[in-house]
Amino acid sequence: MPRTIPLTDIRNIGIIAHVDAGKTTTTERILYYTGRKHTIIDIHDTKDLKTSTTTDYLEQEQKRGITIQSAAVSAFWRDKKINLIDTPGHVDFTIEVNRSLRVLDGAVVVFDGVAGVEPQSETNWRLADNYGVPRICYVNKMDRSGANFLRCVDMIKKRLGARPLPAQIPIGSEENFKGMVDLVEMKALVWDSDDKDAQWQSLEVTADLADKLHITVPSDRKLLADIGKFRTELVDTCLEQDDAAMEAYLTDGTVPSADTLRQALRKGTLNSAFTIVLCGSSYKNKGVQQVLDAVVDYLPAPTDVASIKTVDADGEPIGERKCSDDEPFSALAFKVINDAYGALTFIRVYSGVLTKGASVQNSTRGKREKIGRMVEMFAKEANPVEEARAGDIIALVSLADTETGDTLCDAAAPVVLERMRFPDPVISVSVKSKVKAEQEKFGTALGKMVRADPSLHLETDRETGQTILRGMGELHLEVTLDRMRTEFGVEGIMGEPQVAYRETFTKKLTEQYIHKKQTGGSGQFAEVWIVFEPLERSAGFEFVDETVGGSVPREFVPSVEKGLKIQKEDGVLAHYPTVDFRATLIDGSFHDVDSNALTFEIAAKACFREAIRKAGPILLEPVMKVETVTPGDYLGDVIGDINRRRGAIQDQLERGTNIAVVANVPLSEMFGYIGQLRGMTSGRASYTMEFSHYEPVPRQVAEEVIAEVAKAKAAAVS
Ligand SMILES: Nc1nc2c(ncn2[C@@H]2O[C@H](COP(=O)(O)OP(=O)(O)OP(=O)(O)O)[C@@H](O)[C@H]2O)c(=O)[nH]1
Ligand SMILES: [Mg+2]
């Protein structure tokens, strides 16, 4: 089957933003205006579970009015196929943004016109930077009281360190928001109603525009009076991208045509020289078609993106694959979900063609996968397809061994594509089945949830035997359990949330350990000399082998590493994992008969236990970046409360008429914060938080934590 849509006519894009900026609302409009659906559902109408937007179809999403998992849809606009992923804004589900950005070519970043750049806009912006994803900005909610386009543009510059370039200027604001001036065409686009089917008029930009449209607010009038200035900025910035146009302009003052400007805007967007900014109100149905035009005009086709990097076993780049049907097949699995159709593995095809029935290599795991059914997903609806080509995003049904982040490829030309990076969970709870007899069913369901979400970790407490679920936040864990109820019919009980503490070394030392045992005939023997030293925060664990002359035989070195890896998970202070240190095996000895892999593993474990006791172990705790947005009246109370929570205030920012207090606060002090904050401010303040870094726990607090853990363990065991 030949290709039906040229690669240059495809746009794989994501919609990213802070919570509530209007991503899902915008997505609904996009589906409506592209003719993919005939009604628009609004977020606030879904709470009774009778209806849902296309992309927020989970019960938990409908009830809470937030997006939890990213959903893919596709639509056609001006003959281009747009594959679009609506992502969640809540920090607990950041993994969804992370993996979407990894496989998307471009993004629309949505801002709330009142709040401007919010914490998750910042986090998602950095993620897009990391993955090198070109983007356009859309300042939504221009109809809301307090909306301010220029303030938002300014925040994009200051808080994101970006170079925003307005390509539109709003006409009016708040309840008087009427449309926008398109600075490329120099036309005023004006809607005369909020109706979803209202058409816009295209008017000339004349000096009396503000009067004609009854724009009375001085700041709104000023924007229109400054149109010439904004247009000059746009033209000048475009000229930087186009030498020929620049020359024509300098020689005889030729002003570039709208087409030339669009080409330059596309070029600049693709190389991230600047980020164009649009405005609108998705809810009031203004500006969405213009966002679609911008997606087509400015965001990359798969062919515009530099080829995908291939890596070796250590993740170091070794080559690249071009995005083309003619290259051997390669794809990245970026999401696994369980639903009515069974396990669905979402892949982004980077090169070549995949046909139904093919046998491909999972090069990450060295396993073969047989390709059965292939489907194109439209939110929760699956449409069968026979093949997938470079640039496509599809889902495979019931793969055996493929997990998130794995590469699938042609076995004759194996490659491993750059892996994804996943955030580390910082909070944990014990979980168990509500019905004792269903423990096994519960365990299976839990296993499936964890497999689908790499930001969840599951472990068993070795002493208490409890099942511990680790995740990104309280909401994340709650939603996970609730989804197990609706998706697998099992109910769980959750313990109190616990902080994921860590332990670490503070001193460098060399430790020797001899494992020696004589039991009847055969004996056990292994000797290791290991240097332990602290590393900088979040360096993890490193193992180095510096033995010479076979003092520890080659084949036993991995056993030493294995022993350390197992033992470091059970720290000496309060059984938390030990992190941020290097262990260098420098010497050892063995016995021809009595030494084996196991004796070296045992020796390494014991060596670690001895060493860490002498190495001034300390407890580390996750510190969160907390941003509390409050009306000025309560500022003193909010700051006082943060101080009591061992918080360190970092910044105070203007946020519309409110003030945002930015602080670093230990996670352990943040439980129950929302209740306290609401009480203190009559429900008028809100907050968001995300993991920032690990820091040593002050001695007195550490002693309490250690005592708590000991007590809890004793209670659980007895
Ligand atoms: N006034 C106004 N409200 C809007 C606009 N766009 C969205 N909203 C409202 O803002 C709220 C959040 O909208 P969503 O579309 O769910 O936001 P989201 O970005 O998808 O949120 P998450 O997925 O939870 O991060 C809803 O109540 C919308 O009706 C807009 O243009 N103007
Ligand atoms: Mg949403």
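For the structure itself, look to the data block above.
Figured I'd write up the structure that's included with this text.

Cut-offs applied
- Residues numbered from 1 in each chain as written.
- Chains lettered and ligands numbered in written order.
- Predicted model: local features only at pLDDT ≥ 70, side-chain atom pairs only at ≥ 80, totals over all residues.
- Heavy atoms only, no water.
- Phe/Tyr/Trp six-rings, centres within 6.5 Å; stacked < 30°, edge-to-face > 60°.
- Helix = DSSP H or I, 4+ residues; strand = E, 2+ residues; numbered from the N terminus.
- Buried < 20%, exposed > 50% of the residue type's maximum accessible area, 1.4 Å probe, protein only.
- Near = heavy atom within 4 Å.
- Polar contact = N/O pair within 3.5 Å; in protein donor to acceptor, adjacent residues only side chain to side chain.
- Areas by Shrake-Rupley, 256 points an atom, 1.4 Å probe, with all protein chains shown as cover.
- Pairing = 2+ DSSP bridges.
- Axes fitted to C-alpha atoms, helices over the stretch in contact; angles between N-to-C directions.
- Contact = heavy atoms within 4.5 Å.
- 1 Å grid on protein atoms, 1.4 Å probe; cavity = no way out; pocket = protein on both sides within 12 Å on 5 of 7 lines; lining within 4 Å.
- Points joined across faces, edges and corners; volume = space filled by probe spheres on them.
- Nonpolar A, V, L, I, M, F, W, Y, C, P; charged D, E, K, R; others polar.
- Donors = N, O, S within 2.8 Å, 3.2 Å for Na, K, Ca; no water.
- Patch = residues over 30% accessible without salt bridge, like charges linked within 9 Å, V, L, I, M, F, W, Y side chains within 5 Å.
- Salt bridge = Lys/Arg side-chain N within 4 Å of Asp/Glu carboxyl O.

### Observations regarding the packing of aromatic side chains
Inference 1: One pass over the full model with this rule turns up 14 aromatic pairs.
Inference 2: With centroids separated by 4.8 Å and ring planes inclined at 35°, the aromatic side chains of F505 and F581 adopt a geometry described as tilted. You can see F505 sitting in the loop between β29 (502-504) and β30 (509-518) and its partner F581 sitting in strand β33 (residues 581-589), a full 76 residues away along the chain.
Inference 3: You can call F581 buried: its relative accessible area is 0%.
Inference 4: Both rings, one in F581 and one in F608, keep their centres 5.8 Å apart while their planes meet at 45°; by these two values the pair is tilted.

### Topic: the site of ligand 1
Inference 1: If you check the shell around ligand 1, you find 20 residues, and the closest are K23, T24, T25, T67 and D143.
Inference 2: A distance of 2.9 Å separates an oxygen atom of ligand 1 from a polar backbone atom of G22.
Inference 3: Taking 650 Å² as the accessible area of ligand 1 by itself, protein coverage stands at 91%.
Inference 4: At three residues, helix α1 (residues 23-33) tops the list of elements feeding residues into the shell around ligand 1.

### Topic: the pairing of strand β22 (residues 393-397)
Inference 1: The element β22 is largely enclosed, with a buried count of five among its five residues.
Inference 2: Neither face of β22 is exposed, since I393, A395 and V397 on one face and I394 and L396 on the opposite face are all buried.
Inference 3: The sheet contact formed by strand β15 (residues 342-351) and β22 spans five bridges and is antiparallel. For F346, the partnering residue across the bridge sits in β22 and is A395.
Inference 4: Strand direction decides the pairing type here: strand β19 (residues 374-378) and β22, joined by two bridges, are antiparallel. Residue pairing for β22: M374 is matched across the bridge by L396.

### Comments concerning the sheet that holds strand β1 (residues 10-16)
Inference 1: Spatial ordering of the open sheet is given by β2-β3-β1-β4-β5-β11-β6, a layout of seven strands whose pairing is mixed. Since the sheet does not close on itself, it has two edges, and those belong to β2 (71-77) and β6 (164-166), each with one partner. This sheet shows a mean twist of 30° between the axes of neighbouring strands, independent of strand direction.
Inference 2: For strand β5 (residues 135-140) and strand β11 (residues 275-279), the ladder comprises three bridges, and the chain directions are parallel. By the bridge assignment for β11, C137 is matched with V277.
Inference 3: Strands in contact with helix α4 (residues 119-130) are β1, β4 (106-112), β5 and β11; relative to β5, the strand with the most contacts, it is inclined by about 165°.

### Digging into empty space enclosed by the protein
Inference 1: Within the structure shown, the criterion is met by four cavities of 30 Å³ or more.
Inference 2: Lining the largest cavity are 19 residues, with Q69, E96, A452, D453 and R483 sitting closest to its centre.
Inference 3: Contributing elements (two or more residues each) for the lining of the largest cavity: α3 (94-103), β14 (330-339), α12 (439-452) and α13 (474-488).
Inference 4: A total of five residues in the lining of the largest cavity trace back to one element, the largest contributor, which is α13.
Inference 5: Taken together, the residues of the lining of the largest cavity sort by class into nine nonpolar, four polar and six charged.

### Quick word on the coordination of the magnesium ion (ligand 2)
Inference 1: Protein-derived ligands of the magnesium ion (ligand 2) are T24 (OG1) and T67 (OG1), with the metal-ligand distances lying across 1.9 to 2.0 Å. Taken together, the positions of T24 in helix α1 and T67 in the loop between α2 (59-64) and β2 put the pair 43 residues apart, joining distant regions of the chain.
Inference 2: A relative accessible area of 6% means that T24 is categorised as buried.

### Thoughts on the side chain of Q60
Inference 1: For Q60, the location among the structural elements is in helix α2.
Inference 2: Looking at Q60, its side chain comes within polar contact range of the side chain of D482, at 3.1 Å.
Inference 3: In contact with Q60, not counting residues within four places along its chain, are I68, V479, D482, R483 and T486.

### Quick notes on a nonpolar patch on the surface
Inference 1: Taken together, the side chains of Y249, L250 and V255 present a nonpolar region at the surface, about 290 Å² in accessible area.
Inference 2: Relative to the elements of secondary structure, Y249 occurs in helix α9 (residues 243-252).

### Notes on the pairing of strand β7 (residues 168-171)
Inference 1: Neither face of β7 is exposed, since Q168 and P170 on one face and I169 and I171 on the opposite face are all buried.
Inference 2: Where β7 lies against strand β8 (residues 179-182), four bridges are found, and the strand directions are antiparallel. Paired with I169 across the strands is V181, a residue of β8.

### As for the sheet that holds strand β32 (residues 541-545)
Inference 1: The mixed open sheet is built from four strands, whose spatial order is β30-β31-β33-β32. Each end of this open sheet is capped by a strand with a single partner; those strands are β30 and β32. Shown here is a sheet whose adjacent strand axes are inclined to one another by a mean of 25°, direction ignored.
Inference 2: Where strand β31 (residues 523-534) and β33 come together, eight bridges link them in antiparallel fashion. Bridge assignment links I530 to a residue of β33, and that residue is L585.
Inference 3: The strands touched by helix α14 (residues 557-568) within the sheet are β31, β32 and β33, with β32 carrying the most contacts at an inclination of about 160°.
Inference 4: Together, β30, β31 and β33 form the strand contacts of helix α15 (residues 597-614), whose direction differs from that of β31 by roughly 40°.

### Things to note about the environment of P300
Inference 1: Position of P300 among the secondary structure elements: in the loop between α11 (288-298) and β12 (308-311).
Inference 2: Note on P300: relative accessible area 1%, which makes it buried.
Inference 3: Beyond its immediate stretch of four places on either side in the chain, P300 contacts I10, R11, D105, G106, P134, R266, L270 and V305.

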